[in-house]
Structure formats: C-alpha cells, structure tokens
Amino acid sequence: RGGKEDSRGALVVLEGLDRCGKTTQSTRLVKHLESLGYSTELWRYPDRSTSVGQMISSYLSNKSQLDDHTIHLLFSANRWEKRSLMESKLKSGTTLVVDRYSYSGVAFSSAKGLDIEWCKAPEIGLLAPDVVVYLDIPPEKAAERGGYGGERYEQLEFQKKVGQRYQDLCSANWKIIDACSTMEDVEKQLQEIALDCVKTCQEGKPLSCLWS
Ligand code: NYM
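Quick notes on the rules
Residues numbered from 1 in each chain as written. Predicted model: local features only at pLDDT ≥ 70, side-chain atom pairs only at ≥ 80, totals over all residues. Heavy atoms only, no water. Helix = DSSP H or I, 4+ residues; strand = E, 2+ residues; numbered from the N terminus. Polar contact = N/O pair within 3.5 Å; in protein donor to acceptor, adjacent residues only side chain to side chain. Contact = heavy atoms within 4.5 Å. Buried < 20%, exposed > 50% of the residue type's maximum accessible area, 1.4 Å probe, protein only. Pairing = 2+ DSSP bridges. 1 Å grid on protein atoms, 1.4 Å probe; cavity = no way out; pocket = protein on both sides within 12 Å on 5 of 7 lines; lining within 4 Å. Points joined across faces, edges and corners; volume = space filled by probe spheres on them. Nonpolar A, V, L, I, M, F, W, Y, C, P; charged D, E, K, R; others polar. Axes fitted to C-alpha atoms, helices over the stretch in contact; angles between N-to-C directions. Parallel < 35°, antiparallel > 145°, perpendicular 65-115°, else oblique. Left-handed = near helix turned anticlockwise from the far one by under 90°.

A. Molecular detail of the side chain of arginine 100. Within the element layout of this structure, arginine 100 appears in the loop between β3 (95–99) and α5 (102–111). Of note is the side chain of arginine 100, whose polar atom sits 3.2 Å from the backbone oxygen of glycine 16. Not counting chain neighbours up to four residues away, the residues in contact with arginine 100 comprise Leu14, Glu15, Gly16, Leu17, Asp18, Lys22, Tyr45, Phe108 and Tyr166.

Structure below.
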C-alpha cells in the first residue's frame, strides 16, 4: 500500500506484565495487518538471537548472575543493536509490532530498586513508539494463567511492583486494554488502535526519539 513521499511504517509497542497475553496478541495483530496488505513484522525484546541477547537469556533462566545495573544496560544495548535496522524498516514502509520495549526495561529494573531516571537514561535516542498498547491485567490474574514459566522475575510480589512502575511510565500515547476481556475482544480493540496508528504514519507522521 503506497502513500505520500514521507509515508512510513508504524512502531507499535505492546507492554504488560508477564502472562498478560502480549505474545499471542502481537502475533495475531501481525497476521491481521498483513491480511490487509500492510507490510508488517513481529519483533520482540529481548531479542535472544544476538550475542547480547544470549547473555540476557542466560541471566533470565538463572544460568548466570549479573549485577542489576549490568543487566539493565545489556537490555538497553540489545535495543541499540537493532536501532538502525528498525529505522530503515520503518522508513521503507514496514510496520513493526514490538513485543516489549524500553518501558519493560525501565519498569522491571526500577522495580528492583534502581533509580528510575538512571534506568531511562540509556534509552534516550532510541526510536519512540507511535503507540504503546498496555495489556492491563491484575498481577494475581496473570499468576493464575497457567502459572509462570520459572524465569527470573516471574513472581507475584515482584510483578506487583512492576505494575506500579508501568503506571508511573504511562503517558499520552498509551492505550490501555483490559487484558481480562476475551481474547477476541482484546484482539479487536488492538486491531483498531493499530490500524489507526498505521494510517497516521502512512500520512507522514514524523519519527521521533525517546523520551518524547
Ligand atoms: N525484561 C524485558 C526486562 O527486564 N527488561 C527489558 O528491557 C525487557 C525487554 O525480561 N520478564 C524482562 C521482562 C520479562 C523478561 O521477556 C523476558 P519475555 O517477554 O518473557 O521474553
């Protein structure tokens, strides 16, 4: 689908607690946008395929221990190593649906007690999402959903803190969906939000950087 000269793809980010349904919903959203003829890719962070991503993966599965600041910076580096590719994809007209982004980075690390401004700093200059969709679920409900997979952070008390940090980060370009609705309901709401955003970007909305 062509558009104006400065037409581009949209950067759509999904955020939420562990087990809120992000992965299922982002996969479905990509299929939907593709079916409408929009070039779309599903991205996720951490991207475990890179060497930085493998260090993160090993940390998350408790196979290695890292200082809280160190792992925070690795998560950020994992976004930086994909930044230029992200920009070129968007400029070439591909929409990116991204399962977790800088907000996960800040929410999870600051929930451990790290200073929130310190956590935000390494994210400055990454591309700002056009919309952040927050799949809102009470931590207790998320914990009930087939249980946690046993990775680091997948504990009720910690997830409660993460939820509070997400609330502090929530700003004007966030859309909140009740993740306790049916899967179809969430899917529909997400489609509407994303489609609206894709159209705005097609019309030439300029790209901007965090934290805007
Ligand atoms: N996580 C994810 C962070 O702590 N910082 C980050 O920057 C990102 C992107 O990694 N519990 C945490 C959140 C999750 C975990 O994510 C792995 P997933 O979506 O389960 O692969």
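B. Region of interest: the pairing of strand β1 (residues 11–15). Summarising burial for β1: 5 of the 5 residues are buried, a large majority. Side chains Leu11, Val13 and Glu15 of β1 all project onto a buried face; the interleaved residues Val12 and Leu14 project onto the opposite face, where all are buried too. Examined bridge by bridge, β1 and strand β4 (residues 131–136) share 4 bridges and lie parallel to one another. Looking at the pairing, glutamate 15 lines up with tyrosine 134 of β4.

C. Structural detail: the layout of surface pockets. Here the largest pocket defines a volume of roughly 550 Å³. Lining the largest pocket are 28 residues; nearest its centre among them are Asp18, Lys22, Arg44, Arg100 and Glu154. In terms of residue count, the dominant contributor to the lining of the largest pocket is α5 (4 residues). Tallied by class, the residues present in the lining of the largest pocket amount to 8 nonpolar, 8 polar and 12 charged.

D. Geometry of the packing of α5 against helix α8 (residues 156–169). Packing of α5 against α8 brings their axes to within 8 Å, and their N-to-C directions diverge by 130°. Looking at the two axes, α5 sits oblique to α8. Here α5 and α8 pass one another in a crossing that is right-handed. Contacts between α5 and α8 involve Tyr103, Ser104, Val106, Ala107, Phe108, Ser110 and Ala111 from the former and Phe158, Gln159, Lys161, Val162, Arg165, Tyr166 and Leu169 from the latter. Tallied by class, the residues present in the contact of α5 with α8 amount to 9 nonpolar, 3 polar and 2 charged.

E. Representation of the sheet that holds strand β5 (residues 174–178) in the model. Pairing is parallel across the open sheet formed by 5 strands, whose spatial order is β2-β3-β1-β4-β5. Single-partner strands in this sheet number two, and they are β2 (40–44) and β5. Averaged over neighbouring strand pairs, the angle between their axes works out to 20° when direction is ignored. Here α5 sits on the sheet and contacts β1, β4 and β5; the angle it forms with β1, its principal contact strand, is near 30°.

Taken by themselves, the reported measurements are silent on function.
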